[in-house]
Amino acid sequence: MSETATAAAIVKQHLIDPEICIRCNTCESICPVQAITHDSRNYVVDAGKCNFCMDCISPCPTGSIDNWRTMPKAQPYTLEEQYSWDDLPVEKTPDQLAAMGVADGGTDTAEDLVPQAELVASTADPTGETPFNSAAYNASIPPWSAAHAYTNLYGPKAADRFVTATVVGNVRVTEVGKEYDTHHLMLDFGSMPFPVLEGQSIGIIPPGVDERGKPHHPRQYSIASPRNGERPGYNNLSLTIKRVLEDHDGKPVRGVASNYMCDLKVGDKVQVTGPFGTSFLMPNHPKSHIVMICTGTGSAPMRAMTEWRRRLRKSGKFEGGKLMLFFGARTKEELPYFGPLQGLPKDFIDINFAFSRTQGQPKRYVQDLMRERSADLVPLLKDPNTFIYVCGLKSMEEGVVLALRDVAEGADLDWDEIGPRLKKEGRLHLETY
Ligand SMILES: Cc1cc2nc3c(=O)[nH]c(=O)nc-3n(C[C@H](O)[C@H](O)[C@H](O)COP(=O)(O)OP(=O)(O)OC[C@H]3O[C@@H](n4cnc5c(N)ncnc54)[C@H](O)[C@@H]3O)c2cc1C
Ligand code: SF4
Ligand code: SF4
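Residues numbered from 1 in each chain as written. Chains lettered and ligands numbered in written order. Predicted model: local features only at pLDDT ≥ 70, side-chain atom pairs only at ≥ 80, totals over all residues. Heavy atoms only, no water.

## Some details on the site of ligand 1
And step 1. Of all residues adjacent to ligand 1, which total 21 residues, the nearest are Q220, Y221, T240, A257 and S258.
And step 2. Between ligand 1 and the protein, one listed contact pairs a nitrogen atom with a backbone N or O atom of T240 at 2.7 Å.
And step 3. At 3.0 Å, a backbone N or O of V256 approaches an oxygen atom of ligand 1.
And step 4. Coverage of ligand 1 by the protein amounts to 84% of the 910 Å² it exposes when considered alone.
And step 5. Put simply, the parts of the chain that give the shell around ligand 1 at least two residues each are β8 (219–222), β9 (236–242) and α6 (256–262).
And step 6. Element by element, the count of residues in the shell around ligand 1 is highest for β8, at four residues.
And step 7. In terms of residue class, the shell around ligand 1 is made up of eight nonpolar, seven polar and six charged. (Near = heavy atom within 4 Å. Polar contact = N/O pair within 3.5 Å; in protein donor to acceptor, adjacent residues only side chain to side chain. Areas by Shrake-Rupley, 256 points an atom, 1.4 Å probe, with all protein chains shown as cover. Helix = DSSP H or I, 4+ residues; strand = E, 2+ residues; numbered from the N terminus. Nonpolar A, V, L, I, M, F, W, Y, C, P; charged D, E, K, R; others polar.)

See below:
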């Protein structure tokens, strides 16, 4: 085999380290070609789709995405293999590669990769039209005026794998008696440093082992309290946790971490990793506007941002801009914090609820409300001081970004210009799971 032929037959395959990955979904939501997917165990990269654009590398909070292995281009690690891994395979030796019919004489160049990217585009959509890709608009940088976020203080790469927090409160925030059970949980870190910002998340390590006898991997939860704590001045934070009793397809399951968390009692100890997140952060400059679009527990970061702005307003030292909230749930009984939200002053926050399963009422989703409120959203979209946050179930993401596009186009704004600008200026943040 000639050297050129061997070199072209080899690829540096892009892989995710399952040992360090915290399953935060950032990479999957950012990848513009949907090369990243996950199951209940691992996040994986499809070698047939990844075009090495590198968009996912810097947003990954742990660095677990930045792994590469030399492999024959014709025999990359399959998705099934990657789903089964507990840790990454070691690099193949030259002898192993030779036995697979190739030699490590070099890897693909950017030009070599172009046909692969073209192949992806052509197989993705046989009609030739590019499908709408909401992830392409997700900013990987924070607003320019965001505060500095500390990350990975506790976790696989830190000196301490976790910090122990004490449960100081656990209150149900959806109506008792309904099957939809969501809890507001308060954790105290005592004298251990755990600095956080609104929009960041933490990892919870459930006790025990999984079906393979391995320790459970940490589950991610958005912080629902502001930077100075659920109880200001104390080293504590809150979470909004939905008890998972059925999977995304409606099949009965008992989610490991969410049930563990919802059943915790005051005084119990919890193993925490993190904090995580460097881009889904709020702006801090005066008169900056915040548009929040969420469903279910996606309300957690919105509660944190709203409460921080409320405290600033109370202090009288900060002139905030507009706060606009679009909040969706099946019914009002399933909507966490429904009561407290109703009590916020109308001149402080503009709240819009959408319920999709209220008896006798037509189904309404957050995207419907956004279209209805176009006249108020358009000036905000145009204003460089507006920052938009979307959080909740994955299924809402595309509809919400399409609604933003419709709002823009309905006012003769060029979405092809404004959409990429929102991303580039750290003004549109999508966190769906
Ligand atoms: C960045 C980020 C922030 C998050 N923030 C929050 C938050 O603030 N509050 C919160 O409650 N959750 C949040 N989650 C989801 C959370 O991390 C867990 O995935 C969820 O609690 C389920 O974990 P589990 O151990 O109970 O279920 P598992 O035992 O991991 O899963 C059991 C089954 O349920 C399915 N499943 C997992 N999650 C859900 C879900 N949400 N709805 C329906 N089926 C599901 C799984 O696919 C699996 O089949 C967040 C996730 C991410 C990535
Ligand atoms: S490098 Fe680009 S194409 Fe590959 S997985 Fe990351 S974001 Fe997706
Ligand atoms: S961004 Fe990093 S830590 Fe998060 S799921 Fe992807 S690889 Fe894992």
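## Details of the packing of helix α10 (residues 374–382) against helix α11 (residues 394–410)
And step 1. Orientation of α10 relative to α11, taken along the N-to-C sense of each, is 90°, at an axis distance of 9 Å. With respect to α11, the element α10 is oriented roughly perpendicular. Across the interface between the two elements, S374, L377, V378 and L381 of α10 pack against L404, V407 and A408 of α11.
And step 2. Taken together, the residues that form the contact of α10 with α11 break down as six nonpolar, one polar and no charged. (Axes fitted to C-alpha atoms, helices over the stretch in contact; angles between N-to-C directions. Parallel < 35°, antiparallel > 145°, perpendicular 65-115°, else oblique. Contact = heavy atoms within 4.5 Å.)

## Here's the deal with the packing of aromatic side chains
And step 1. For the structure shown, the criterion picks out nine aromatic pairs.
And step 2. Taking 5.1 Å as the distance between ring centres and 50° as the angle between the ring planes, the aromatic pair formed by Y137 and W415 counts as tilted. Of this pair, Y137 sits in the loop between α5 (110–124) and β5 (163–172) while W415 sits in helix α12 (residues 415–424), placing them 278 residues apart in sequence. The same class applies to Y137 as to W415, namely buried.
And step 3. Pairwise contacts between aromatic rings join F132, Y137 and W415 into one cluster. (Phe/Tyr/Trp six-rings, centres within 6.5 Å; stacked < 30°, edge-to-face > 60°. Buried < 20%, exposed > 50% of the residue type's maximum accessible area, 1.4 Å probe, protein only.)

## Quick look at the site of ligand 2
And step 1. Near ligand 2 there are 13 residues, and of these C31, C50, C53, M54 and C56 occur at the shortest range.
And step 2. Residues belonging to the shell around ligand 2 are distributed by class as follows: ten nonpolar, two polar and one charged.

## Quick look at the nonpolar core
And step 1. Counting 28 residues, the largest nonpolar core has V291, I293, F326, M370, L381, W415 and L428 as the members making the most contacts within it.
And step 2. Elements with a minimum of two residues in this core: β11 (289–295), β12 (323–329), α9 (366–372), α10, β14 (386–392), α11, α12 and β15 (428–432).
And step 3. Sort the elements by how many residues they give to this core and α11 lands first, with seven residues.
And step 4. If we skip the residues at most four places from it in the chain, F326 touches V291, M292, I293, C294, N352, V366, L369, M370, R373 and L377.
And step 5. I290, F348, F353 and F355 belong to the second-largest nonpolar core, a separate cluster that totals 25 residues. (Core = buried A, V, L, I, M, F, W, Y, C linked by side-chain atoms within 4.5 Å.)

## Some words on the sheet that holds strand β6 (residues 182–188)
The strands that make up a sheet pair up through hydrogen bonds in the backbone, lying either parallel or antiparallel.
And step 1. Ordered by their spatial adjacency, six strands build an open sheet running β8-β7-β10-β5-β6-β9, and the pairing between neighbours is antiparallel. Every interior strand has two partners, whereas the edge strands, β8 and β9, have only one. Each adjacent strand pair in this sheet contributes to an overall mean axis angle of 40°, direction not counted. (Pairing = 2+ DSSP bridges.)

## A short note on the environment of K242
And step 1. Inspection of the secondary structure puts K242 in strand β9.
And step 2. Taking C-alpha positions, K242 is 25 Å from L323, a pair spaced 81 residues apart along the chain.
And step 3. Discounting chain neighbours no more than four positions away, the residues touching K242 are Y180, D181, T182, S258, C262 and T297.

## A look at the pattern of salt bridges
And step 1. Applying the stated rule across the entire model yields 24 salt bridges.
And step 2. For R172, the salt bridge identified is with D181, shortest N-O distance 3.2 Å.
And step 3. In this structure R172 comes out as partly exposed when scored by relative accessible area, which is 27%.
And step 4. Between D376 and R373 there is a salt bridge, with its nearest N and O atoms 3.1 Å apart.
And step 5. On the basis of relative accessible area, D376 is assigned to the partly exposed category, the value being 38%.
And step 6. Where salt bridges share partners, they join R172, D181, R243, R254 and D263 into one cluster. (Salt bridge = Lys/Arg side-chain N within 4 Å of Asp/Glu carboxyl O.)

## Some thoughts on the domain arrangement of the protein chain
Where interface size is quoted, it is often the accessible area lost as the parts come together.
And step 1. Taken domain by domain, the protein chain comprises domain 1 (3–131), domain 2 (163–276) and domain 3 (289–432).
And step 2. Contacts between the two partners involve seven residues from domain 1, matched on the other side by six residues from domain 2.
And step 3. Between the two partners, domain 1 and domain 2, sit one salt bridge.
And step 4. Residues K214 and D86 are paired through a salt bridge, measuring 3.6 Å at the closest nitrogen-oxygen approach.
And step 5. Tallied by class, the residues present in the side of domain 1 that touches domain 2 amount to three nonpolar, one polar and three charged. (Domains from an automatic or database assignment.)

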